[in-house]
Amino acid sequence: MTLILSVLLIILGLAFFSYWRFTTRKQSGSKYPTSLPSLPFIGSLLFMRNHKLPHVFFNSLQEKYGSLYSLKMGPHYMVIVNNHQHAKEVLLKKGKIFAGRPRTITTDILTRNGKDIAFGNYSPSWKFHRKLVHSALSMFGKGSLAIQNIICREAASMVETLINFQDNPIDMAPELTRAVTNVVCSLCFNSSYKRGDPEFESMLLYSQGIVDTVAKDSLVDIFPWLKIFPNKELDMLKKCVNLRDQLLLKNFSEHKEACSSDEVNDLMAALLNAKLKNQQFQEVGLTDDYLLMTVGDIFGAGVETTTTVLKWAIAYLLHYPEVQKKIQEELDTKIGFERQPVLSDRKSLPYLEATISEVLRIRPVSPLLIPHVALEDSSIAEYTIPKGTRVIINLWSLHHDEKEWKSPDTFDPGRFIDEHGNHVYSPSPSYLPFGAGIRVCLGEALAKMELFLFLSWILQRFTLETTDGTLPDLEGKWGVVLQVKKYTVKVKLRKVWQSAGIRA
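None of these values were measured; they are calculated from a predicted model.

Student: Whenever I open this one, the pairing of strand β2 (residues 68-73) confuses me. Can you help?
Tutor: Most of β2 sits out of view: six of its six residues are buried. Residue alternation in β2 divides its side chains into two sets, L68, S70 and K72 and Y69, L71 and M73, and both sets are buried. In terms of strand pairing, strand β1 (residues 34-35) meets β2 through two bridges, oriented parallel. For T34, the partnering residue across the bridge sits in β2 and is Y69. Of the pairings in the sheet, the one linking β2 to strand β3 (residues 76-81) comprises six bridges and is antiparallel in character. Across the sheet, S70 pairs through a bridge with V79, a residue of β3.

Below, the structure is given as structure tokens:
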């Protein structure tokens, strides 16, 4: 009992010392962002209790604290960025200064202590690691035509499956996930899954477990010492990561045995080949774990993010059938019925491209970008930002800024169309769906290809309708990505395809 009391007193003492040091430091004459109320040890946690999703809540706090404000998440000092001027200063102008990543319990479990690219801290080895992946993708890529063929193959398979479910309520999520998974598997492992494959079903379960538990600022991430206590979420994360690693290790071992400098058929082989040929790989300390976590990044994030955007896109098309009809009219006029869409058609289908852009704006996959960490004392605008500060870019605020977007809560693809009817990628500097700068999403180009081809193939053939008039929920479910709550849809082969007797 005395020992426990002593430990508690030490913890409280350290907390008060940390709080005192922080508050006295702020009195040095520097200008700091306005702060939420903060208490010793727990920081601002008591003042953040509400029913809103975090990105929406942070957005609402601007009314009281301004577009740049701070808070303490337990012992961690955090700054929330809600406008594009400050965001671009962090991501672009001072990208290297703010390129750090925080270490948390859940992300360490996911990444073998930060050995990936997304959550790995900025360092010479991280820079080499990212450069290596770019190089490996180039070695394997063989241009967009090879990737296009892979995506179209999976689109054709998905279309054939959907034909068999016509007019019946169906949850499209598993089919969308399988299609996207097979694209990533082809790139990473030169393999794919058939419908109902037990390994694929297992992957669905562990992927969902990871999304539900990692990087959510749970209490164990805020107070790491809590890991000594029983924690169901942490146990689930460990179990899911273990299942993921079994799959990665199986493919890694097979590739290692078959590794040949003469033949590179997928990303895993390209990475192994680069390791054999590049002496610097060993010099910067990149082990096999880094290769595994690299593929884990691409395999995990690449599937979850793209699938989530597709689910949001379909949800919005159900809410706005006039948008769906306009896309189909564009497809009929520009593509016709004798062939399927290909990547070179993107310029010919500006309204479809604009719809994808609007989905990425109104429901960004990661509304709070992965936290950045200041690697040295710096500033954002006129505000002092101490070394070690965690900086959160609230992408939701950027994409719903009334100063930048007319009626930002309204779904309107037309905002991405210019007066000549052309697609405009970024009508506002506040549009950053994939982030920017040093930490910009590695999978941006692939994601755009998949979104265009999968949606164009589906909408060319099918009309998507609600089940019994029930529309999908558009609020979303909080996680490492903003997930869509489960919904069903009726998939109907369009009359023009029925009359032509065409199946796929």
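There is more to say after this.
Student: Would you explain the pattern of salt bridges in this entry?
Tutor: If charged atoms from side chains of opposite charge come close, those side chains can pair. Scanning the entire structure with this criterion turns up 17 salt bridges. Measuring nitrogen to oxygen at the nearest pair gives 2.8 Å for the salt bridge that ties E358 to R361. Residue E358 and its partner R361 are both found in helix α16 (residues 350-362); the two are separated by three residues, about one turn of the helix. Since its relative accessible area comes to 0%, R361 is described here as buried. Between R415 and E358 there is a salt bridge whose closest N-O contact spans 3.1 Å. Of this pair, R415 sits in the loop between α17 (395-399) and α18 (444-461) while E358 is found in helix α16, placing the two residues 57 residues apart along the sequence. The buried category is assigned to E358, whose relative accessible area is 0%. Shared partners join several salt bridges into a network, and the residues in it are R112, R244, D245 and D289.

Conventions used here
- Residues numbered from 1 in each chain as written.
- Predicted model: local features only at pLDDT ≥ 70, side-chain atom pairs only at ≥ 80, totals over all residues.
- Heavy atoms only, no water.
- Buried < 20%, exposed > 50% of the residue type's maximum accessible area, 1.4 Å probe, protein only.
- Helix = DSSP H or I, 4+ residues; strand = E, 2+ residues; numbered from the N terminus.
- Pairing = 2+ DSSP bridges.
- Salt bridge = Lys/Arg side-chain N within 4 Å of Asp/Glu carboxyl O.

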